[in-house]
Amino acid sequence: MDLESYTATEEIAVKDTTQYDSDTDASSSDGDSFHPQLPAEAAERLQNLYEIVSERSEHLVGFPSCKDWDYSALFPFLSFPMNNVGDPYIESISKVSTRDIERDVLAFFADLLRAPVDKVWGYVTNGGTEGNLYGMYLARELYPTGMVYYSSSTHYSVVKNLHILRQQACEIQVQENGEMDYDHFRSIVMENTDKPAIVFCNIGTTMTEAKDDMNKIKAILDELEVSERYLHADAALCGVMCPFLPTRPAFDFADGANSMSISGHKFLGSPIPCGVVLAEKDLVEKIKRDISYIGAPDTTITGSRNAFTPLMLWYRIQSLGRDGIEKRVHMALDNAAYAEAKLKEMGIPAWRNRDSITVVFPEVHMDLKIKWQLATAKGASHLICMPNVTKTQIDAILADFAEYMN
Ligand SMILES: Cc1ncc(COP(=O)(O)O)c(C=O)c1O
């Protein structure tokens, strides 16, 4: 289909979402005209689901998901059985794909994360978890006897990944702000200097957006003369933000990372979870196997891979540009500062890590947790000021907080 001549209503059976508007009464409407393929009961269920999801996404402020995007221009691509199976850099015999678009996305991230040109490899994943698994897989292949060090603020999925990979690991304590306790790290590495060190660095922890400092980590490894080392950066939320922060943290390839994982549905935003993993190319060579069935090397975790998410990431990057992303970072930081200040004015001891959009405060009432989907752990709740969270919305949240303080 020629996209320029595409009109959704005439040429392709793309659903117009206005059919789901909340004032539509599915039970009394002619279900057949909305969902001709569905029995009336199923059509009604779909309508109800739409209303629930619409309402809930308005109150999603405790998890780092953006929702201020419009991918409707990409709807025509949902008509094709696209699949990016195999290595994104090598053309497969499976050609209904967005592999070249995926490569552009990877090039954008490689530049953003100061990866050495032509020495980095990557792919669009199903999310941050897969990218972290990939990083640890490469590390294990490089150093099968290595010891993985991760902090107790690390995302819960990482311990599971280490278990899957059967890697030896030590948990490192954290400081109050959620950042690695470097003294504890030093003391634990000291007991294991005979083993290569695989350090899982958090570049924005889940609960407090704390960033482990790669410079400090490298200095400790130098001091203890551990030369066999691998640094992975889990930059699920912050990978896109860090290059634009007022104080750039030590977090990327130029700072010593061997691999990095970022979630695509977080700061950039997409309705389908996705992410990007980047790693030094020579490490990936170690795990590569040629598969004649797809006519391409098998270098990724999954076989079939989503071809629509690279398209969304590409569309988002193209439409925002670097400047647009930078503006969103500053807007989010500004709103987080606003939320923190307002909470303090109300007498709530809120705090944030430096240059962070996550505002942390003591655990709130269950009703507030449920209404605003405020993630809570170890007695603390948080509000994440993603770029779609406005000051008006922050005011509405705080008005609810105030009710529960009386
Ligand atoms: C620090 C951190 N790492 C990894 C993940 C997992 O990422 P995903 O949900 O994209 O798999 C998250 C998710 O919130 C996270 O906060």
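Predicted, not measured: the structure shown is a model, and the values here were computed from it.

### What to know about the site of the ligand
Line of reasoning, step 1. Around the ligand sit Gly-127, Gly-128, Thr-129, Asn-132, His-155, Gly-204, Thr-206, Asp-234, Ala-236, Ser-263, His-265 and Lys-266, and those are all the residues in its vicinity.
Line of reasoning, step 2. Here a nitrogen atom of the ligand sits 2.6 Å away from a polar atom, N or O, in the side chain of Asp-234.
Line of reasoning, step 3. Summarising the interface, the protein chains cover 85% of the accessible area of the ligand, which totals 390 Å² for the free molecule.
Line of reasoning, step 4. Using a 2 Å cut-off from the grid points, one finds that the ligand occupies the second largest pocket.
Line of reasoning, step 5. The element best represented in the shell around the ligand is helix 5 (residues 128-142), accounting for 3 residues.
Line of reasoning, step 6. Of the residues belonging to the shell around the ligand, the class tally is 1 nonpolar, 9 polar and 2 charged.

### Let's talk about unusual backbone geometry
Line of reasoning, step 1. Residues other than glycine seldom take positive phi values, yet Arg-114 does so here, at roughly 50°.
Line of reasoning, step 2. With respect to the helices and strands, Arg-114 occurs in the loop between helix 4 (99-112) and strand 1 (120-125).
Line of reasoning, step 3. One non-glycine residue with positive phi stands out, namely Arg-166, at about 55°.
Line of reasoning, step 4. With respect to the element layout, Arg-166 can be found in the loop between helix 6 (156-165) and strand 3 (168-172).

### Details of the sheet that holds strand 7 (residues 275-280)
Line of reasoning, step 1. Read from one edge to the other, the open sheet built from 7 strands follows the order 1-7-6-5-4-2-3, with strand pairing classed as mixed. Where the open sheet ends on each side, the last strands, each with one partner, are strand 1 and strand 3. Neighbour to neighbour, the strand axes of the sheet diverge by 15° on average, direction disregarded.
Line of reasoning, step 2. As paired strands, strand 6 (residues 259-263) and strand 7 are joined by 5 bridges and run antiparallel to one another. Within strand 7, the position partnered with Ser-261 by the bridge is Val-277.
Line of reasoning, step 3. Sheet strands in contact with helix 7 (residues 182-190) are strand 2 (147-151), strand 3 and strand 4 (197-202), and its direction is about 150° off that of strand 3.

### As for the sheet that holds strand 10 (residues 358-362)
Line of reasoning, step 1. Strands sit in the order 10-12-11 across an open sheet of 3 strands; the sheet is antiparallel. Edge strands, defined here as strands with exactly one partner in the open sheet, are strand 10 and strand 11 (376-377).
Line of reasoning, step 2. Strand direction decides the pairing type here: strand 11 and strand 12 (residues 380-384), joined by 2 bridges, are antiparallel. Its bridge partner lying in strand 12, Ala-377 is registered against Ala-380.

### What about the pattern of salt bridges?
Line of reasoning, step 1. Counted according to the given criterion, the structure contains 19 salt bridges.
Line of reasoning, step 2. Salt-bridge contacts for Arg-99 lead to Glu-91; the nearest nitrogen and oxygen are separated by 3.8 Å.
Line of reasoning, step 3. Residue Arg-99 is classed as buried on the basis of its relative accessible area, which comes to 1%.
Line of reasoning, step 4. A salt bridge links Arg-322 to Asp-111; the nearest nitrogen and oxygen atoms lie 3.0 Å apart. Taken together, the residues span a long stretch of sequence, with Arg-322 in helix 11 (residues 308-345) and Asp-111 in helix 4 at a distance of 211 residues.
Line of reasoning, step 5. Residue class for Arg-322 comes out partly exposed when judged on its relative accessible area of 36%.
Line of reasoning, step 6. Members of the salt-bridge network, linked through shared partners, are Arg-114, Arg-248, Asp-252 and Asp-255.

### Quick notes on empty space enclosed by the protein
Line of reasoning, step 1. In this structure the tally under the stated criterion is 1 cavity of 30 Å³ or more.
Line of reasoning, step 2. In this structure, the largest cavity encloses a volume near 30 Å³.
Line of reasoning, step 3. Taken together, Val-124, Thr-125, Asn-126, Glu-130, Thr-302, Arg-305 and Asn-306 form the lining of the largest cavity.
Line of reasoning, step 4. Here the lining of the largest cavity is built from residues that sort into 1 nonpolar, 4 polar and 2 charged.

### Remarks on the nonpolar core
Line of reasoning, step 1. Of all hydrophobic cores here, the largest spans 79 residues; its most connected members are Phe-109, Tyr-149, Phe-185, Ile-357 and Phe-401.
Line of reasoning, step 2. In terms of residue count, helix 11 provides more of this core than any other element does, 9 residues in total.
Line of reasoning, step 3. Beyond its immediate chain neighbours, meaning those up to four positions away, Phe-109 contacts Val-240, Ile-262, Leu-268, Val-276, Leu-278 and Ile-317.
Line of reasoning, step 4. Within the second largest apolar cluster, 21 residues are counted, among which are Tyr-123, Tyr-143, Val-284 and Ile-287.

### Concerning the UniProt feature "modified residue: N6-(pyridoxal phosphate)lysine" (unreviewed entry) in the protein
Line of reasoning, step 1. Feature annotation in UniProt assigns "modified residue: N6-(pyridoxal phosphate)lysine" (unreviewed entry) to the following positions: Lys-266.
Line of reasoning, step 2. Among residues more than four places away in sequence, those in contact with Lys-266 are Pro-64, Ser-65, Cys-66, Ala-236, Leu-237 and Met-386.

### Observations regarding the packing of aromatic side chains
Line of reasoning, step 1. In the structure shown here, the tally under the stated rule is 10 aromatic pairs.
Line of reasoning, step 2. Ring plane angle 90° and centroid distance 5.5 Å describe the contact between Phe-108 and Phe-109, whose orientation is recorded as edge-to-face. Each member of the pair Phe-108 and Phe-109 is classed as buried.
Line of reasoning, step 3. An aromatic cluster of three or more residues is present, and its members are Tyr-89, Trp-121, Tyr-123, Tyr-134 and Tyr-137.
Line of reasoning, step 4. Taking NZ or CZ as reference, Arg-328 lies 5.8 Å from the ring centre of Phe-267, over its face.
Line of reasoning, step 5. Lying across the ring of Tyr-338, Lys-391 places its NZ or CZ 5.5 Å from the centre.

Basis of the calculations
- Residues numbered from 1 in each chain as written.
- Predicted model: local features only at pLDDT ≥ 70, side-chain atom pairs only at ≥ 80, totals over all residues.
- Heavy atoms only, no water.
- Near = heavy atom within 4 Å.
- Polar contact = N/O pair within 3.5 Å; in protein donor to acceptor, adjacent residues only side chain to side chain.
- Areas by Shrake-Rupley, 256 points an atom, 1.4 Å probe, with all protein chains shown as cover.
- 1 Å grid on protein atoms, 1.4 Å probe; cavity = no way out; pocket = protein on both sides within 12 Å on 5 of 7 lines; lining within 4 Å.
- Sits in = over half its atoms within 2 Å of the grid points.
- Helix = DSSP H or I, 4+ residues; strand = E, 2+ residues; numbered from the N terminus.
- Nonpolar A, V, L, I, M, F, W, Y, C, P; charged D, E, K, R; others polar.
- Pairing = 2+ DSSP bridges.
- Axes fitted to C-alpha atoms, helices over the stretch in contact; angles between N-to-C directions.
- Contact = heavy atoms within 4.5 Å.
- Salt bridge = Lys/Arg side-chain N within 4 Å of Asp/Glu carboxyl O.
- Buried < 20%, exposed > 50% of the residue type's maximum accessible area, 1.4 Å probe, protein only.
- Points joined across faces, edges and corners; volume = space filled by probe spheres on them.
- Core = buried A, V, L, I, M, F, W, Y, C linked by side-chain atoms within 4.5 Å.
- UniProt positions renumbered as here; feature names shortened; annotations may be inferred.
- Phe/Tyr/Trp six-rings, centres within 6.5 Å; stacked < 30°, edge-to-face > 60°.
- Lys NZ or Arg CZ within 6 Å of the ring centre and 35° of its normal.

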